[in-house]
Amino acid sequence: MPIPAPDRWTMTLGDAMYTMRAIRRFRPDPIEERDLRDILDAARQAPNGGNAQPWRFLLVTDPEKRAALGELYHEAWWAKRKDEGINGPEDIPPGKGVRQSAMRLAGEIGNTPAFVLVCATARGAGAAQSVIPSVQNLLLAARSIGIGGTITTLHAVVEERVHELFGIPAEAQVVYCVPLGYPRGRFGPLSRKPLAEVAALDSWDNTPDWLAT
């Protein structure tokens, strides 16, 4: 039986939310099975449309399959960049921006200790949207025990091969690919826009003082 949530998740929800950022650099240390199990158990607690729970969490830890998925992810990442008119590293501005970080992840992701392919058990936008809350649960649970991750997607160019590699049925879809591992670096502090720039009351341009402070 899974350990009851109050005994397992000792970090406060506020601490987890206010220090969780996208982690794209991982140490090679393996993650204990107990931790992986509990992260997935937290994911399945998420709300979803009609409580249909149209999800399957495909955990990948086998080294050969991780390496194979890493190659497919790398191909998918560059296919998405080509769709944007970016044909190679020379087209990505240098520096410490998110795009550079994401490109580095695409090159290193095959060494990630674990992946979770978050799948919907049916096709269509409705099924895909219903699994989204589970990913936030997954990442918050991981953060609370010192494990980082980030939300990534694949590309149609590799879809058939991903399905074949993991025996995913044709009626299912991979919604997200979430790498998990212990960070090379640290969580937080976060850099976010002020609330006044992203929130409004009753109309698009109305930001009252109590939201601006």
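Here the structure is a predicted model, which means the values were calculated and not measured.

**Side note on a nonpolar patch on the surface**
Item 1. A cluster of nonpolar side chains, contributed by Leu-13, Met-17 and Tyr-18, occupies part of the molecular surface with about 370 Å² of accessible area.
Item 2. Locating Tyr-18 in the fold gives a position in helix α2 (residues 13–19).
Item 3. Classification of Tyr-18 as exposed rests on a relative accessible area of 65%.

**Some points on the environment of Pro-113**
Item 1. Here Pro-113 shows up in the loop between α5 (98–108) and β2 (114–120).
Item 2. A sequence separation of 88 residues divides Pro-113 from Arg-25, and the C-alpha atoms of the two residues are 11 Å apart.
Item 3. Every residue in contact with Pro-113, bar those within four places of it in the chain, is listed here: Phe-26, Arg-27, Pro-28, Asp-29, Pro-30, Ile-31, Val-60, Thr-61, Arg-66, Leu-180 and Gly-181.

**Concerning the nonpolar core**
Item 1. Of all hydrophobic cores here, the largest spans 28 residues; its most connected members are Val-116, Val-118, Leu-138, Val-178 and Leu-180.
Item 2. Of all the elements in the fold, those that place two or more residues in this core are α3 (33–43), β1 (55–60), β2, α6 (125–144) and β4 (173–181).
Item 3. No other element matches the 8 residues that α6 contributes to this core.
Item 4. Sequence-distant contacts of Val-118, that is, excluding residues within four places in its chain, are made with Arg-56, Phe-57, Val-131, Ser-134, Val-135, Gln-173, Val-174, Val-175, Tyr-176 and Val-178.
Item 5. Judged by nonpolar contacts, the second largest core, of 27 residues, contains Leu-69, Trp-77, Leu-117 and Ile-168.

**Quick word on the pattern of salt bridges**
Item 1. For the structure on display, the rule yields 7 salt bridges.
Item 2. Two residues, Arg-44 and Asp-41, come together in a salt bridge whose shortest N-O distance is 2.4 Å.
Item 3. With a relative accessible area of 18%, Asp-41 lands in the buried category.
Item 4. With its nearest N and O atoms 2.7 Å apart, the salt bridge here joins Glu-75 to Arg-161. Placement of Glu-75 in helix α4 (residues 63–83) and of Arg-161 in helix α7 (residues 156–166) is noted, with a sequence separation of 86 residues between them.
Item 5. Arg-161 gets classed as partly exposed once you look at its relative accessible area, which sits at 35%.

About the criteria used
Residues numbered from 1 in each chain as written. Predicted model: local features only at pLDDT ≥ 70, side-chain atom pairs only at ≥ 80, totals over all residues. Heavy atoms only, no water. Patch = residues over 30% accessible without salt bridge, like charges linked within 9 Å, V, L, I, M, F, W, Y side chains within 5 Å. Areas by Shrake-Rupley, 256 points an atom, 1.4 Å probe, with all protein chains shown as cover. Salt bridge = Lys/Arg side-chain N within 4 Å of Asp/Glu carboxyl O. Helix = DSSP H or I, 4+ residues; strand = E, 2+ residues; numbered from the N terminus. Buried < 20%, exposed > 50% of the residue type's maximum accessible area, 1.4 Å probe, protein only. Contact = heavy atoms within 4.5 Å. Core = buried A, V, L, I, M, F, W, Y, C linked by side-chain atoms within 4.5 Å.

Geometry only, nothing functional implied.
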